[in-house]
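Listed here are the chains, written in short residue letters.
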Amino acid sequence: PTSPDDLLPLVDALRARHRVLVPHMPGYGRTPPDGEGTSLERDVARVEDHIAHLGIASVDAVAFSGGAYRALAMALRRRVAVARLSLLAPVVGFDPHEAQATRDLVSAVRSGLFDPRPTWLDRMASAGFAARNPLGAARVLSWLDAAPMSVLCNELAAIADAPDLRPRIGELACPFFVCAGSDDRAVPVASCAAIAAASREATFLMLEGVGHALLVEAPDSVVAGIVTFLGGSAIGA
């Protein structure tokens, strides 16, 4: 649940050579929550519709965390041609145990039995990050205010209930760039490495001592990795 503003360093780095689109998902940024509730399929369709409306035939998709599910789903749907995928600490599906644990967490938050704020920074950032970078830590804590808590819960529940896309990664011929933090306690680095290994062509970058908040903890390394991967003359991101 990051603010679209967290992507601005990446946008600035890419915009000189690429046309960059930053969709605001329902409940985030300038887009109000969806009155019908979170639907990953509807989210993907809206992005596809916007891309089609702009007359863009092919894109490079860059996505972080749960956004990776939407990016991978769009690539698999093939309504829009996805030339390259850059996935940062990607969540693209849960096994049954992970899915149930996520549903239980959502239920606890909705019922008021669990407040994610006290442990949020420990889960999203590497150990000691608050001491090293207080402003960065404040940004990570502000993620819980990037969208209403109901939106965050609905999004997690939607991913838990959605089909696991990991077995379908091999269907795609497009190159993958996968970036992960060695100290990520939200999305284990082994899970990210497995996504890269399942693709036909992948570049895997592991950042030592970095947690889930890749674009806050190590923005220069992440941006440099994506810029190097995209290179060339891609027309979207």
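As shown above, the structure is provided for reference.
Residues numbered from 1 in each chain as written. Predicted model: local features only at pLDDT ≥ 70, side-chain atom pairs only at ≥ 80, totals over all residues. Heavy atoms only, no water.

S.K.: Looking at this structure, how should I read the pairing of strand E3 (residues 176–181)?
M.R.: Consecutive residues of a regular strand have side chains that alternate between opposite faces of the sheet. Of all the six residues making up E3, six are buried; the element is thus mostly covered by neighbouring parts of the structure. Burial along E3 is two-sided: Phe176, Val178 and Ala180 and Phe177, Cys179 and Gly181, pointing in opposite directions, are all buried. Bridge count between strand E2 (residues 81–88) and E3: four bridges; the pairing is parallel. Paired with leucine 85 across the bridge in E3 is phenylalanine 176. For the crossover from E3 across helix H9 (residues 189–198) to strand E4 (residues 202–207), the handedness is right-handed. (Buried < 20%, exposed > 50% of the residue type's maximum accessible area, 1.4 Å probe, protein only. Helix = DSSP H or I, 4+ residues; strand = E, 2+ residues; numbered from the N terminus. Pairing = 2+ DSSP bridges. Right-handed = clockwise from strand over helix to strand, strands pointing away.)

S.K.: Just to check I follow, could you spell out the packing of aromatic side chains for this structure?
M.R.: Geometrically, a pair of aromatic rings is defined through the distance of the ring centres and the angle of the planes. Throughout the structure, instances matching the rule amount to two aromatic pairs. Seen in terms of ring centroids, phenylalanine 64 and tryptophan 143 are 5.9 Å apart; in terms of plane orientation they differ by 65°. Their pairing is edge-to-face. In this pair, phenylalanine 64 is assigned in strand E1 (residues 58–64) and tryptophan 143 in the loop between helix H7 (134–142) and helix H8 (149–161), connecting sequence segments 79 residues apart. Under the relative-accessibility criterion, tryptophan 143 is labelled buried at 2%. (Phe/Tyr/Trp six-rings, centres within 6.5 Å; stacked < 30°, edge-to-face > 60°.)

S.K.: Looking at this structure, how should I read a nonpolar patch on the surface?
M.R.: Together, Leu105, Leu113, Phe114 and Leu156 make up a nonpolar patch on the protein surface, roughly 370 Å² of accessible area in all. Examined against the element boundaries, phenylalanine 114 turns out to sit in the loop between helix H4 (96–110) and helix H5 (117–124). Its relative accessible area of 33% is what places phenylalanine 114 among the partly exposed residues. (Patch = residues over 30% accessible without salt bridge, like charges linked within 9 Å, V, L, I, M, F, W, Y side chains within 5 Å. Areas by Shrake-Rupley, 256 points an atom, 1.4 Å probe, with all protein chains shown as cover. Salt bridge = Lys/Arg side-chain N within 4 Å of Asp/Glu carboxyl O.)

S.K.: Any chance you could explain the layout of surface pockets here in plain terms?
M.R.: Think of a ball as big as a water molecule: rolled over the atoms, this probe shows where empty space is left. Here the second largest pocket defines a volume of roughly 200 Å³. Around the second largest pocket, the lining residues are Leu40, Glu41, Val44, Tyr69, Ala73, Leu76, Arg77, Ala162, Pro163, Leu165 and Arg168. It is helix H3 (residues 67–77) that contributes the most residues to the lining of the second largest pocket, four residues altogether. Split into classes, the residues belonging to the lining of the second largest pocket amount to eight nonpolar, no polar and three charged. (1 Å grid on protein atoms, 1.4 Å probe; cavity = no way out; pocket = protein on both sides within 12 Å on 5 of 7 lines; lining within 4 Å. Points joined across faces, edges and corners; volume = space filled by probe spheres on them. Nonpolar A, V, L, I, M, F, W, Y, C, P; charged D, E, K, R; others polar.)

S.K.: Is there a simple way to explain the side chain of serine 65 in this structure?
M.R.: You can see serine 65 is positioned in the loop between E1 and H3. When its relative accessible area of 14% is taken as the criterion, serine 65 is described as buried. In contact with serine 65, not counting residues within four places along its chain, are Leu88, Ala89, Pro90, Val91 and His212. (Contact = heavy atoms within 4.5 Å.)

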